[in-house]
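Examining the three-dimensional arrangement
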Amino acid sequence: MFDKFCKKKQPTEETPLAIRALAALQQGSYPEALRLLNEYVKMVEGFSQPLTADDGVFYYNRALAKEHLGDIDGAIVDLEKCNNLAQLHHS
């Protein structure tokens, strides 16, 4: 479904932030993806407590964007956060 959305139409400002972030990542617009994912993660960290394993997917995707932009240390931090959330909720 996500692939169909990204291929058929471009996200707009009305498109949910998470979808715009993932669309930018999928399209290889890494600076834009990182900006949107930073905004999304900040929003989730501020409103969604405690974080869930589902929230971890955005840390994973942000790690991908950071890796593509050469921020390996930042990517590792996000992957660790993603892994910790997955382990916490699968224990």
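Look up a bit, the structure's there.
Per chain, the residues get numbers from 1 upward, laid out in the order the sequence is written. For a predicted model such as this one, the threshold for reporting local features is a pLDDT of at least 70, and the threshold for listing and counting side-chain atom pairs is 80 or more; totals across whole chains, interfaces and linings nevertheless cover every residue. Heavy atoms from the whole structure form the basis of all side-chain values; hydrogens and water molecules are not counted.

**Regarding the overall build of the chain**
Each helix is a run of H or I in the DSSP string that is no shorter than four residues. Each strand is a run of E no shorter than two, and both are numbered from the N terminus. Broken down by element type, the chain carries five helices and zero strands. Helices and strands appear in the chain in the N-to-C order α-α-α-α-α. Buried means the residue's accessible area, taken with a 1.4 Å probe over protein chains only, is under 20% of the maximum for its type, while exposed means over 50%, and partly exposed covers the values in between. With 91 residues in all, the chain has 35% of them scored as buried. Total accessible area computed for the chain in this model is approximately 5,900 Å², and 56% of it derives from carbon and sulfur atoms. Accessible surface area values rest on a Shrake-Rupley calculation with a 1.4 Å probe, where residue burial reflects the displayed protein chains alone.

**Overview of the packing of helix α2 (residues 17–26) against helix α3 (residues 30–47)**
Geometry is summarised by axes, namely lines fitted to C-alpha atoms with helices restricted to the contacting stretch, and by angles between N-to-C directions that run from 0 to 180 degrees. The interhelical angle for the contact between α2 and α3, taken along N-to-C directions, is 150°, at an axis separation of 8 Å. Taken together, α2 and α3 sit at an angle that is classed as roughly antiparallel. Where α2 crosses over α3, the handedness of that crossing is left-handed. On the side of α2, the interface is formed by Leu17, Ala18, Arg20, Ala21, Ala24 and Leu25, while α3 contributes Tyr30, Glu32, Ala33, Leu36, Leu37, Glu39, Tyr40 and Met43. Three residue categories are used. Nonpolar comprises Ala, Val, Leu, Ile, Met, Phe, Trp, Tyr, Cys and Pro, charged comprises Asp, Glu, Lys and Arg, and polar comprises the others, including Gly. Class assignment for the residues of the contact of α2 with α3 results in 11 nonpolar, no polar and three charged. Here the angle decides the label: under 35 degrees means roughly parallel, over 145 means roughly antiparallel, 65 to 115 means roughly perpendicular, and every other value means oblique. Crossings are classed by handedness, with left-handed meaning an anticlockwise turn of the near helix from the far one by less than a right angle and right-handed meaning a clockwise turn. Contact between two residues is taken to exist if any of their heavy atoms lie within 4.5 Å; hydrogens are not considered.

**Brief notes about the packing of aromatic side chains**
Aromatic contacts are taken between Phe, Tyr and Trp rings whose centres are within 6.5 Å, Trp giving its six-membered ring; a plane angle under 30 degrees counts as stacked, one over 60 as edge-to-face, and the others as tilted. Per the counting criterion, the structure on display carries one aromatic pair. On the numbers, 4.3 Å between centres and 45° between planes, the contact of Tyr40 with Phe58 is tilted. In this pair, Tyr40 sits in helix α3 while Phe58 sits in helix α4 (residues 53–68), placing the two residues 18 residues apart along the sequence. Relative accessible area serves as the criterion here: at 16%, Tyr40 is assigned to the buried category. Judged by relative accessible area, Phe58 falls into the buried class, the value being 11%.

Geometric descriptors of this kind do not, in isolation, establish any biological role.
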